[in-house]
Amino acid sequence: MKTRGSNGSEHILFLDKSGHAPQQCNLDYNNNKSGRRHFLRFALLLASVALLAGVGGMALLLPSHPKTAPSQESNDDVPETLSSQRFSCPPPSPGQLCLPTPTLQYCNYCLSNPFVSLSIDPSTGRISSMRACLTGDCKQDPKDALAGGIGLESKSDLPSPSVTVSDSGSPDTGWTVTVASAFGVVAKDSVEITLLLDARSFAISTSTTSGEEGVTLYRSFSFAASSATGFYVGGPTQMKDGDLKVTSYKTGNPNNGQTTTFFSEQSLLKMYALGPKNGELPRSDVLTYALNASAEVEILEEEGTVGTLLISSGTTGYTSEMAESGLVHIYAGTFNGTLKDTWTSPSELAAPTSPPASPVTSTFNLAASDFDLPPLAVPASYSPGTHIPADDLRAFLTGIYASPVGCICTHVNCVVPGSALGQIGTSIQRPDRGYSDNYNFFDPDNYISTSALLFSMDPYLQAEVKKILLRNGDLMLPSGQLPHHFSYDQPQYQALSGEIQTGPNVFWVLSCFQYAKTTGDVDWLQSYMPTLRNATNFLYDLFKDPTKSLVQVPGSLMVDVFKRWDFTSDTNAMLVGFFQEFADAEESAGNVTGAESLRKLSDDVKGDLRKYLWDAEDDDHFITQLSADGTTRDFVDYDSNLMALAHGVVDADEAASVFKRIDGGRCRAGVTFVAEDYYGPQDTTGGNTGDSWCAMGRHAWFDSLSRFRYGDKASFD
């Protein structure tokens, strides 16, 4: 409802769902106390009527000043009767997202619903804050996702803007606020912001014109979160804490180790920022709840933009100094000689020779979240009471977008200058990567990361995974052996330890199956089956003893430094499930005979695994290996035993005995430890015991599969 105060200014009042009276910024231009009291009584009366009428859900809090804010750089030209006044901005109700805070003269416009809120500073026309509550019922004030706001900026001297704000809509559907800013004759900027009743994001359209030559213009987004990720048409890129010194970086990439800005002329599809700055939060706080606020910009349409800058520091001069990351849409200006599509040091935006010929326009969605995940990845219809719990959704989306997305290195220049390659690292850029400049470890690191990307069900990410899979397949040896990893852009067929592993062939093939299953691209699977069969030939050739349906391997399946050879329980246990998966793929491709043969082979491996590698004396686990000379070695490996259970090699009673043995280990603080007995220097390649006393997520993966298969719900939970 609209009311008119004693001074003639308009107010728009709505109740929130809790029934709280709306807050408003009340400025008495005439310093008329009786008029103020009169207005407040009138507002309370109208609020009571609104409550009885059942108005609720949407809040549009507008300050009671004229719709046009005067241009100003300071309050020197403000009449004393105004500069001496302070706004009445009452504290927010508990859990309310909208926080109307006073600026020098004006209270901010606030557009909110139970999920998101956005504030606009009418003296500058900038979006000044943005907060979110994923569940819609937060008990504490969410953190601001912005650190310096969003607005039109320039490297030239812009006059202070004259700002006009207007609105339309209703509490039953939503509101649209239009902010028109005139920077003298230099530039004009119009921003239209719409928030629907139950939306978790703001729909925004902008139109910007420049009226003078030699004026740079750009829209700057300053975010509080530190890890910046951009989805470009040529592949994603990511950087966290770009102002930290890079101790090692790609040979030949001439960026001098600076990683604070990323300029590209490629179309940007979306950008999101999440995560605290390095070392900002104690670990206990990170695990308990998110003190950070993430933000996302999804670009729907753009016309006339010169390019974009991704920002990974507040020191670049293109975002607020308070920002940890940001996004810059360049409307007028050039980066002459600046490295494109490379994280590097900030360059000066040069003035354009002429203003844009027509208005620069854009349409995008803007969102925030109180969890470390891209807000727009949350389905619009999500409800914790109807769908999965919020903590589960948080774990799922954070596990995808905060880590493996940042590992993707398919954008041009990511691996080596001038090339766009289908490669993926082992960690995000922060700003160094784990394992330096080595990529595509399907042993099974990148099987796990690509699976997470595929389960996002995001076609963009699934297409990037396909690039990565094809990269390895293209460099398969005639024997069927796949690269173990890449050093820069060069394939390496041995592990970093120098060992030959079976893992890359097993888990790369399973990754291809995972791609086909999640995308439904059966046509691609059928066309690619000859390559997959060739990769499996490398494994078939390891059946060397005609008396046993077990492969003889040169090394470990997953932990390259562990010395394992001949008939090992890890690779053979994994092959039980692998051949079943391959049989399903052959059947989907129409090769029924081949499928039947593979299922029989799986059963044969299962039988001989039990016959030759089950510890008959202890009767509670599989041993590490049977050597060709008949001797055995046993470390009570957790990986191989959990793989055997995950693929149903034992019956329920035997599974219970294996679980009991594993759960009784001396280092069972979690489900990820490697073995009961220690792999010492003599048991590891080069005496490298770095993996001998540690926890690994891949072990937890098989632990979960095993307990789910045998119904061990208590331990699974």
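For the structure, see preceding data.
Residues numbered from 1 in each chain as written. Predicted model: local features only at pLDDT ≥ 70, side-chain atom pairs only at ≥ 80, totals over all residues. Heavy atoms only, no water.

Student: Looking at this structure, I do not really get the overall build of the chain. What am I missing?
Tutor: Within the chain, the regular secondary structure consists of 15 helices and 28 strands. Taken over 717 residues, the chain has a buried fraction of 56%. Long-range contacts, defined here as pairs at least 24 residues apart, represent 67% of the contacts in the chain between residues at least 6 apart. Here the chain has roughly 28500 Å² of accessible surface; of this, 52% comes from carbon and sulfur atoms. (Helix = DSSP H or I, 4+ residues; strand = E, 2+ residues; numbered from the N terminus. Buried < 20%, exposed > 50% of the residue type's maximum accessible area, 1.4 Å probe, protein only. Contact = heavy atoms within 4.5 Å. Areas by Shrake-Rupley, 256 points an atom, 1.4 Å probe, with all protein chains shown as cover.)

Student: Could you clarify how one ought to interpret the environment of proline 122 in this entry?
Tutor: Checked against the element boundaries, proline 122 lands in the loop between strand E6 (116-121) and strand E7 (126-132). Overall, the relative accessible area of 1% leaves proline 122 in the buried class. Distance in space between the C-alpha atoms of proline 122 and valine 165 is 7.1 Å, their sequence separation being 43 residues.

Student: Would you mind showing me how to read the sheet that holds strand E28 (residues 632-633) here?
Tutor: Hydrogen bonds between backbone atoms are what pair the strands of a sheet, whose relative direction is either parallel or antiparallel. Taken in spatial order, the three strands line up as E26-E27-E28 in an open sheet, and their pairing is antiparallel. Of all the strands in the sheet, just strand E26 (567-568) and E28 have a single pairing partner and so form its edges. Bridge analysis of strand E27 (residues 625-626) against E28 gives two bridges, and the strand direction is antiparallel. Directly across from glutamine 625, in E28, lies its bridge partner arginine 633. (Pairing = 2+ DSSP bridges.)

Student: It is not clear to me how the packing of aromatic side chains should be interpreted in this structure. Could you clarify?
Tutor: Each aromatic ring pair is specified by the distance between its two centres and by the angle formed by the two planes. Across all of its chains, the model carries 29 aromatic pairs by this definition. Where tyrosine 447 meets tryptophan 701, the ring centres are 5.1 Å apart and the plane angle is 35°; that geometry is what we call tilted. One end of the pair, tyrosine 447, is in helix H6 (residues 445-454); the other, tryptophan 701, is in helix H14 (residues 697-709), and 254 residues separate them in sequence. Judged by its relative accessible area of 11%, tyrosine 447 falls in the buried class. Ring geometry for phenylalanine 578 against phenylalanine 579: centres 5.5 Å apart, planes inclined by 70°, an arrangement best described as edge-to-face. Assessed through its relative accessible area of 0%, phenylalanine 578 is described here as buried. (Phe/Tyr/Trp six-rings, centres within 6.5 Å; stacked < 30°, edge-to-face > 60°.)

Student: Would you mind showing me how to read helix H11 (residues 592-613) here?
Tutor: Note on helix geometry: an α-helix contains 3.6 residues per turn, so any two residues three or four positions apart are oriented the same way. Relative to the 32 Å expected for 22 residues at 1.5 Å per residue, H11 spans 31 Å between its end C-alpha atoms, a close match to the ideal helical length. Buried within H11 we find Gly594, Ala595, Leu598, Leu601, Ser602, Val605, Asp608, Leu609 and Leu613. Along the long axis of H11, the arc covered by the buried residues comes to 155°, so they all point the same way. Turned more than 90 degrees from where H11 packs its buried face, Thr593, Glu596, Lys600 and Lys611 sit exposed. For H11, the secondary structure elements touched by its buried residues are helix H9 (522-540), E26, helix H10 (569-588) and E27. (Expected span 1.5 Å × (residues − 1). Arc of directions from axis to C-beta.)

Student: What is the right way to read the pairing of strand E11 (residues 187-196) from this model?
Tutor: Residues in a regular strand project their side chains so that they alternate between the two faces of the sheet. Across the two faces of E11 the burial differs, with Ala187, Asp189, Val191, Ile193 and Leu195 buried and Lys188, Ser190, Glu192, Thr194 and Leu196 not buried at all. Examined bridge by bridge, strand E10 (residues 174-183) and E11 share ten bridges and lie antiparallel to one another. Residue pairing in the sheet places glycine 174 in a bridge with leucine 196 of E11. The antiparallel hairpin formed by E10 and E11 contains three residues in its connecting segment, where glycine 184 sits at a positive phi of about 60°. Note that E11 and strand E12 (residues 201-210) share eight bridges and pair antiparallel.

Student: What should I look at first to understand the state of the cysteines in this one?
Tutor: Note on terminology: a disulfide is the covalent bond linking the sulfur atoms of two cysteines. Across all of its chains, the model carries two disulfides by this definition. Each sulfur in the disulfide pair cysteine 133 and cysteine 138 lies 2.0 Å from the other. Between cysteine 133 and cysteine 138, the disulfide has an S-S torsion of 105° and is therefore right-handed. Here cysteine 138 falls in the buried class, since its relative accessible area comes to 16%. Residue pairing for cysteine 409: its cysteine sulfur links by disulfide to cysteine 414, the two sulfurs lying 1.8 Å apart. (Disulfide = S-S within 2.5 Å.)

Student: What's the story with the side chain of glutamine 423 in this structure? I'm lost.
Tutor: Along the chain, glutamine 423 falls in the loop between helix H5 (404-407) and strand E23 (438-439). The class for glutamine 423 is buried, based on a relative accessible area of 0%. Separated by 3.0 Å, the side chains of glutamine 423 and arginine 471 make a polar contact. Not counting chain neighbours up to four residues away, the residues in contact with glutamine 423 comprise Ile408, Cys409, Thr410, Val415, Tyr439, Asn440, Ile468, Arg471, Phe486, Tyr488 and Asp489. (Polar contact = N/O pair within 3.5 Å; in protein donor to acceptor, adjacent residues only side chain to side chain.)

Student: What is the right way to look at the sheet that holds strand E24 (residues 485-487) in this model?
Tutor: Spatially, E23-E24-E25 is the arrangement adopted by the three strands of the open sheet, whose pairing is antiparallel. Here the strands that pair on one side only, and so sit at the sheet edges, are E23 and strand E25 (490-492). Bridge count for E23 against E24 is two bridges, and the pairing is antiparallel. Its bridge partner lying in E24, asparagine 438 is registered against serine 487.

Student: Mind showing me how you'd approach the pattern of salt bridges here?
Tutor: Side chains bearing opposite charge may pair, as long as their charged atoms lie close to each other. Summed over all chains, the structure comprises 24 salt bridges. Arginine 126 serves as the salt-bridge partner of glutamate 153, at 3.2 Å between the closest nitrogen and oxygen. In this pair, glutamate 153 is assigned in strand E8 (residues 146-153) and arginine 126 in strand E7, connecting sequence segments 27 residues apart. Close ionic contact of lysine 340 with glutamate 265 constitutes a salt bridge, the shortest N to O distance being 3.1 Å. Here lysine 340 is found in the loop between strand E20 (325-332) and strand E21 (343-344), whereas its partner glutamate 265 is found in the loop between strand E16 (261-264) and strand E17 (268-274), with 75 residues between them in sequence. (Salt bridge = Lys/Arg side-chain N within 4 Å of Asp/Glu carboxyl O.)

Student: How do you make sense of the packing of H10 against helix H12 (residues 638-646) when you look at a structure like this?
Tutor: Two numbers describe a pair of packed helices, the interaxial angle and the distance between the axes. As a packed pair, H10 and H12 sit with axes 8 Å apart at the nearest point and diverge in direction by 20°. On the basis of their axis angle, the class for H10 and H12 is roughly parallel. The crossing of H10 and H12 is left-handed. Residues Ser569, Asp570, Ala573 and Met574 of H10 form the contact with H12, whose participating residues are Asp639, Ser640, Met643 and Ala644. (Axes fitted to C-alpha atoms, helices over the stretch in contact; angles between N-to-C directions. Parallel < 35°, antiparallel > 145°, perpendicular 65-115°, else oblique. Left-handed = near helix turned anticlockwise from the far one by under 90°.)

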